[in-house]
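# Commentary on secondary and tertiary structure
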Amino acid sequence: MSVIAVLIIISLLIALGFLIAFLWAVKSGQYNDTYTPSVRILFDDEKKKKDE
Amino acid sequence: MSISGLSIKNKKCFHCGEDCTTDNYQVGFKNFCCAGCKTVYELLNENNLGNYYTIIDAPGISFKGIQSKRFDFLEDEEVIIRLSEFKDDKLTIVNFYIPQIHCSSCIWLLENLYKLNPGISFSKVNFLKKELEVKFYHNKISLRELVELLASTGYEPVIQLDSIEKKKPKINQQLYYKIGIAAFCFGNIMLLSFPEYLSIDIHETFYRTLFGYLNFILALPVFFYSASDYFTSAYKGLKKKIVNINFPLALGILILFVRSAFEIITQTGAGYFDSMTGLVFFLLIGKIFQEKTYAFLNFERSYKSYFPLAVHIKEGGKEKSIPVSKLKVGDRIIIRKNEIIPADSILFEGSGNIDYSFVTGESKPVQKVLGELIYAGGRQLNSAIELEVIKEVSQSYLTQLWNNDSFLKKTESNFVSFTDAVGKYFTLTILLIAFISAAFWLQYSTASALNVLTSVLIVACPCALALSIPFTLGNSIRIFGRNKFYLKNISVIENLAKIKAVIFDKTGTITETGKTNVRFIGPALNPFQKEIVKSLARNSTHPLSRAVYDHLDGNKIYEIENYEEHTGRGIQGFVLGNLVKLGSLNFVKEDVSDGPDSTLYNSDEFGSQVYLSINCNILGYFNISNYYRRGFEQVAGELSKKYGLSVLSGDNENEKENLEKYLKPATQIFFRQTPGDKLNFVKKIQASAKKVLMFGDGLNDAGALAQSNVGVAVTENISYFSPACDAILDAAAFEKIPSFLEFSKTSIKIIYASFIISFLYNIIGLSFAIEGLLSPVVAAILMPLSSVSVVSFATIATNFMAKRRGL
């Protein structure tokens, strides 16, 4: 039965990891602009310019 | 693209998509409408930015009507520092507001700015806010060069007086943190409470204690961080001796926390931490839902957003540009065509033809001669003039309006006071029930009395009550937004529902800006006559000439010879050898030899008349009157059934008869209203205990808009300037005004209905609590269930009613 305690602690730690990821996402400004990135991702990279 | 056709009509500009009227601007097979568009194309092509045109067809911004400006004020060190967000010895970061941003090509080009100039290290667009953040090396490219580069591509940033004065508020990231933490804790506590829900008998006390303490630890951040706003708000209310809606909420959260902590520490129960964290989580969701904001709109604009940041002054014979804030009395300023006069001043040189329509509501430009006083805010329509400043910017006639008290008042949201009133009686009733039932149980045991007392307070926590408002009004504000009626916040809806009197401004609000009703009175003109008159009218920027030009249809534009413009009288010129004159009767009449039809002379019609003569023959006149917005008659008709209706105009009585045709006799109409008169009129109606809804558009309405209970700015383009207000209405939605008002009333009724639902749940919960039977499971089911049903009722009902009202 004591394995449950270990598993619960592990599950909490994993969940905590996701919480930290969310807080980081907010802090880095990902929630400030929820529209522009959806357009930006559709732009093609220009291959010629990459060589420079 | 047709290359063969002789007609140039069908050719669209490759850059901006407008019709090309000339063949002069061509690159290869591509046509351009003007030199500006062609230059941008060449610039982008040289820098391998041709992609701009492949994302969207003709994405460019038209250069027509854009005056080239000078940006030398951006060399001023103080201006640079105040405009930049960040500056060190190498890098500068600035944020520009660029209203021209409209499509994905714009984003692409603006984010590839670094290819146009190596001094730019990085640029990023926020599309919804229409903002561009640029990071650049200021030793490689100056701020001025950067702005000039942007302007040359058609994306000229708006830099007004207030750009340097206030910093925009940061986005509220706190709320996201709070929700994230509450969600995390709520989810995990639910998981750890499962044995309790399923009544699994855990024999080993070790797990009981472990789960209990884990829940306790997880509840701590929710109690101390996520829920902190409710405690501070309740405390602030108590300090002002007000019991607001947050008080029973805070009390519920507190009791839940204390009782659960007690149960866990004494190991007498599992606690209600799941209910507590769930409650906080739902409340925060409601909060984020009601905070619907329109990032691209600004509801707080004063004259400072309208006035330019810089002005040209003449000093020691030389011309230089300085920030308006540094303008002193006695300075000599130069105002070019279409520029705004920033301070009260006296005309020193040149002829003034000032358009005050935005500041006073007068629709016709005013002629000014040397030595005359010109008030700040007017727009010069003729060529450059020189003025001497007699008052500082903040002391000018117009700007003084902002010293009025109505700009200081912070409108208290009435609805909060309504819910607070509910909250007050609610709290009193609950406390009463709690203590009576506790007193009853006291005869059995103190423990069960305490149990009942806390149970009642827990279950009565008005979570559903508190959620009904944000969800009903939050959803309504979205429905309004979809119909192009943008509200500042949710309390505006409640104020709208209480409106008793409606006031309209005339110029720009019920009439369409730049649009006029033109009729030609006299024998019909033949196509050739139309073309030559159109060609003449094209040369003048006077609003009446523009109206005539727009009114006449004609495919060909001819060259004008010997063009003359007589300020205040008319214009004339030779078109293919024909003398064409447009203007006042006296101007047109002066070289007419034989007397034409005398009926043409006397017109008792409303509006302005522009007479036309070709080769010294008066052919008739153009009657130009205001163009009322589509649906104005119906809107006025419907509104006057239910509300006291009035129209205030800064204009003269010319339009009176025309206007009266649209309105019911009961409507009050006032002309020649100064900004102060309008404000006082609103106050007068409010004195008779009527809530006032004011529609306006210009700076002259700013005082009245601020004073009225709901001030709505009507605008044809929501990214243009509009004065401070509670809501912004896109002119396209003007016809829907009666529906908006009706819907706001419906929203309030939906809130009442949600209140009833939430009370029903409270009664069920209370019946458990009074009997002392409130187990954590019952609480954990009842609370989310009531919240979910209220939330779904509010959302579905508002959507359904909106559909029925055609919104």
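Residues numbered from 1 in each chain as written. Chains lettered and ligands numbered in written order. Predicted model: local features only at pLDDT ≥ 70, side-chain atom pairs only at ≥ 80, totals over all residues. Heavy atoms only, no water.

Our next topic: the overall build of chain A. Each helix and strand in chain A was counted, giving 3 helices and 0 strands. When the 52 residues of chain A are sorted by exposure, 21% land in the buried category. (Helix = DSSP H or I, 4+ residues; strand = E, 2+ residues; numbered from the N terminus. Buried < 20%, exposed > 50% of the residue type's maximum accessible area, 1.4 Å probe, protein only.)

So, about the pairing of strand E6 (residues 131-137) of chain B. Residue and element names in this part refer to chain B. With 7 bridges joining them, strand E4 (residues 91-97) and E6 adopt antiparallel strand pairing. Across the sheet, Thr92 pairs through a bridge with Phe136, a residue of E6. Direction of pairing for strand E5 (residues 120-126) relative to E6: antiparallel, over a ladder of 6 bridges. Residue Asn126 lies in a different strand from E6, and its bridge partner there is Glu131. (Pairing = 2+ DSSP bridges.)

Once that is clear, we can look at the interface of chain A and chain B. Taken together, the contact pairs 26 residues of chain A with 29 residues of chain B. Summed over both sides, the interface of chain A with chain B buries roughly 2,500 Å², with 69% coming from carbon and sulfur. Across the pair Glu111 of chain B and Arg40 of chain A runs a salt bridge, and its minimum N-O distance is 2.7 Å. Only helix H1 (2-27) and helix H2 (36-40) of chain A provide two or more residues apiece to the side of chain A that touches chain B. Looking at the side of chain A that touches chain B, the element that brings in the most residues is H1 of chain A, giving 13 residues. The class makeup of the residues in the side of chain A that touches chain B is 16 nonpolar, 4 polar and 6 charged. (Contact = heavy atoms within 4.5 Å. Buried area = accessible area lost by both parts, 1.4 Å probe. Salt bridge = Lys/Arg side-chain N within 4 Å of Asp/Glu carboxyl O. Nonpolar A, V, L, I, M, F, W, Y, C, P; charged D, E, K, R; others polar.)

This part covers the pattern of salt bridges. Residues and elements named next belong to chain B. Scanning the model with the defined rule gives 14 salt bridges over all chains in all. Across the pair Lys287 and Asp229 runs a salt bridge, and its minimum N-O distance is 3.1 Å. With a gap of 58 residues between them, Lys287 in helix H11 (residues 273-290) and Asp229 in helix H9 (residues 228-239) connect regions that are remote in the sequence. Accessibility expressed as a relative area gives 27% for Asp229, which makes it partly exposed. In this structure, the salt-bridge partner of Glu716 is Arg629, at a minimum N-O distance of 2.9 Å.

All names here are of chain B. Taking strand neighbours across the sheet as the criterion, the 4 strands line up as E3-E4-E6-E5 in an open arrangement whose pairing is antiparallel. Strand pairing shows two members of the sheet lacking a second neighbour, strand E3 (84-87) and E5, which therefore form its edges. Between one strand and the next, the sheet's axes are offset by a mean angle of 10 degrees, whatever the strand orientation. In terms of strand pairing, E3 meets E4 through 3 bridges, oriented antiparallel. Looking at E4, one finds that Lys87 is bridged to Thr92. Contacts between helix H4 (residues 104-111) and the sheet are confined to E5 and E6, with E5 contributing the most and set at about 160 degrees to the helix. Along the sheet face, helix H5 (residues 143-152) touches E4, E5 and E6 and points at about 40 degrees away from the line of E4. (Axes fitted to C-alpha atoms, helices over the stretch in contact; angles between N-to-C directions.)

Attention now goes to the confidence of the model for chain A. The pLDDT averaged across chain A works out to 81; a share of 83% of its residues lies at or above 70. Per-element confidence in chain A is highest for H1 of chain A, whose mean pLDDT is 91, and lowest for helix H3 (residues 47-50) of chain A, whose mean pLDDT is 46. (pLDDT = per-residue confidence, 0-100.)

Here we come to the confidence of the model for chain B. Caution is warranted with low-pLDDT regions, since their predicted coordinates should not be read in detail. Residues and elements named next belong to chain B. On average, residues of chain B score 81 in pLDDT, and 89% of them are at 70 or above. The least confident element of chain B, judged by mean pLDDT, is helix H12 (residues 303-306) at 73; the most confident is helix H6 (residues 174-192) at 92. Within the model, pLDDT remains below 50 along residues 1-9, and this stretch shows 11 contacts once partners closer than five positions in the same chain are excluded. In this model, residues 410-415 is a region of pLDDT below 50 whose contacts with residues beyond four sequence positions or in other chains number 9 contacts.

Another point: the sheet that holds strand E13 (residues 373-374) of chain B. Residue and element names in this part refer to chain B. Read across the sheet, 6 strands follow the order E8-E7-E9-E15-E10-E13 without closing on themselves; strand pairing throughout is antiparallel. Each end of this open sheet is capped by a strand with a single partner; those strands are strand E8 (318-323) and E13. As paired elements, strand E9 (residues 332-335) and strand E15 (residues 385-389) share 4 bridges and run antiparallel to each other. Bridge assignment links Ile333 to a residue of E15, and that residue is Leu387.

Residues and elements named next belong to chain B. Residues Phe504 and Leu729 are the most contacted members of the largest nonpolar core, which totals 114 residues. When residues in this core are grouped by element, the largest group, 10 residues, is from helix H15 (residues 463-482). With residues near it in sequence (within four places) discarded, Leu729 still touches Lys484, Phe485, Phe695, Val712, Ala713, Val714, Thr715, Phe734, Ile737 and Phe740. Grouped together as the second largest cluster of nonpolar side chains are 51 residues, Cys37, Val40, Phe136 and Leu146 included. (Core = buried A, V, L, I, M, F, W, Y, C linked by side-chain atoms within 4.5 Å.)

Residues and elements named next belong to chain B. Throughout the structure, instances matching the rule amount to 3 cavities of 30 Å³ or more. Lining the largest cavity we find 14 residues, and of these Val459, Cys461, Asn762, Met783 and Ser786 sit closest to its centre. Of all the secondary structure elements, the ones that give two or more residues to the lining of the largest cavity are helix H14 (446-459), H15, helix H25 (737-770) and helix H26 (776-804). Lining the second largest cavity, in full, are Pro248, Leu251, Gly252, Phe426, Thr427, Ile430, Leu457, Ala460 and Cys461. At the level of elements, helix H10 (246-265) and helix H13 (414-442) are the ones that each hand at least two residues to the lining of the second largest cavity. (1 Å grid on protein atoms, 1.4 Å probe; cavity = no way out; pocket = protein on both sides within 12 Å on 5 of 7 lines; lining within 4 Å. Points joined across faces, edges and corners; volume = space filled by probe spheres on them.)

Counted at 1.5 Å a residue, the expected span for helix H8 (residues 205-226) of chain B with its 22 residues is 32 Å, and the 31 Å between its end C-alpha atoms agrees. Its axis deflected by about 30 degrees at Ala219 of chain B, H8 of chain B carries its strongest bend there, up to four residues before the proline Pro221 of chain B. Considering only its buried residues, H8 of chain B is in contact with H1 of chain A together with H6, helix H7 (194-197), H9, H10 and H11 of chain B. (Expected span 1.5 Å × (residues − 1). Bend = angle between axes of the 7 residues up to and from the residue.)

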